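Observations on chain architecture
So the chains spell out like this:
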Amino acid sequence: MGLTIGVDIGGTKIAAGVVDEEGNILSTHKVPTPSTPEGIVDAIASAVEGARAGHEIIGVGIGAAGYVNRQRSTVYFAPNIDWRQEPLKEKVEARVGLPVVVENDANAAAWGEYKFGAGKGHRNVICITLGTGLGGGIIIGNKLRRGHFGVAAEFGHIRMVPDGLLCGCGSQGCWEQYASGRALVRYAKQRAKATPESAEILLALGDGTPDGIEGKHISMAARQGDPVAVDSYRELARWAGAGLADLASLFDPSAFIVGGGLSDEGELVLDPIRKSYKRWLVGGNWRPVAEVIAAQLGNKAGLVGAADLAREPDPIM
C-alpha cells in the first residue's frame, strides 16, 4: 500500500491527483483536454508527472467515460473520444513508467463514494450519477461489480420507454433521456412554452424565451417557487425514482447514493426521488426500503475512486 494517482478525464480538463490510503488528495495537476486520442494520452502523462513531483507513487488509476474491459486495460468504446479498442493502459504505462489500471469513470466515482463518502458503513450500495447523462456503479459485498466483460452498470441505457426518445447511444427510450440534466432542461422548456404564465420567474432568469432556459436557471427558479421549475424537478424525480425501484428489484441494496451535478441541489431533487422510489417499489409498504442519500465527494469522487482502485487486486485473479 502507498500513494497512488487518480486521473479524471473531463471534457475541458484532465486532472491528476496524488491520493493517500484515507482518500485525502495531497496534490493535483490539471491540463487542458486535447481533441485527439493521442493528444489525450500525452495530456494524461503530463498531468501524472505534474502531480507526482515530490511523491513516491506505486500506481495510477484512470477514470475513462466509456466501456472498459474486465482486465482494466482497454477502452472498448468511448462516446465522446475516438477510442475504439484503445489500449490505454499500455500506452500510459509506457509514458509514465508506473503500473496503470483503467476504470469506467462512473465506477470510479461510485467506489470513491462507497469507500470515503456517503457509502461508508454500507456493504451493498448502488450509485447513480445524475449529470448531463446518467451513469452508475454497483458495489455488492464490498466489491465493485464490473460484470463478465467489464461493462456492467450502464444504467443510463436501460430502456425505460419502448420506442421512446432517441438516445445518443442509438437506442430509444433510455433512462437518461428521462432522468438527467438534459431531460430537466427539456421538461422546463416544454412547460414554459405551454404555460409561460407559470414560468415568469424562470423566464426572467434567462433571455425571456423558453429556448433560453438553462439548468442553472431551473435551480434558481425552483428555489423561488416557480411552478414550472418545481414541476420540472418533480418530473425528473418521477423517472429517477421509478428507475431506482427497478434497480432495487435487481440488487436489493441498503442504500442508493445519488451523485452528479443534480445531486448538488440537495433535498430539492432528493425528496421527490425518495417519494417516487417508494411509490414504484414493489411491496414498498411491507418491505425494508433502501436509503436514498446524496453523494458527499462532489467532483472529487472519480479521481479519489480511480486512485484507490489502483491499489485493488486485479479482478480477474
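The structure this text deals with has already been given above.
Residues numbered from 1 in each chain as written. Predicted model: local features only at pLDDT ≥ 70, side-chain atom pairs only at ≥ 80, totals over all residues. Heavy atoms only, no water.

Note: strands within a sheet are paired through backbone hydrogen bonds, in either parallel or antiparallel orientation. Reading across from one edge, β3-β2-β1-β4-β8 is the order of the five strands in this open sheet, with mixed pairing throughout. Each end of this open sheet is capped by a strand with a single partner; those strands are β3 (25-32) and β8 (100-104). On average, each strand axis in the sheet is tilted by 20° relative to the strand beside it, whichever way the strands run. As defined by bridge partners, strand β1 (residues 3-9) adjoins strand β4 (residues 57-64) across six bridges and the pair is classed as parallel. Along β4, the bridge assignment pairs Leu-3 with Ile-57. Lying on the sheet, helix α2 (residues 88-96) is in contact with β4 and β8; it crosses β8 at an angle near 140°. (Pairing = 2+ DSSP bridges. Helix = DSSP H or I, 4+ residues; strand = E, 2+ residues; numbered from the N terminus. Axes fitted to C-alpha atoms, helices over the stretch in contact; angles between N-to-C directions. Contact = heavy atoms within 4.5 Å.)

Within the largest apolar cluster, 46 residues are counted, with the highest numbers of intra-cluster contacts made by Phe-155, Trp-175, Ile-218, Leu-244, Phe-256 and Tyr-277. Secondary structure elements with two or more residues in this core: β9 (125-130), β10 (134-140), α4 (181-194), α5 (200-205), α6 (215-223), α7 (227-251), β12 (255-259) and α8 (267-280). When residues in this core are grouped by element, the largest group, 12 residues, is from α7. Those residues in contact with Phe-155 that lie beyond four places of it in its chain are Ile-126, Cys-127, Ile-128, Leu-134, Gly-135, Gly-136, Gly-137, Ile-138, Trp-175, Leu-247 and Phe-251. Among the nonpolar cores identified, the runner-up in size contains 30 residues, and Ile-14, Val-41, Ala-47 and Val-100 belong to it. (Core = buried A, V, L, I, M, F, W, Y, C linked by side-chain atoms within 4.5 Å. Buried < 20%, exposed > 50% of the residue type's maximum accessible area, 1.4 Å probe, protein only.)

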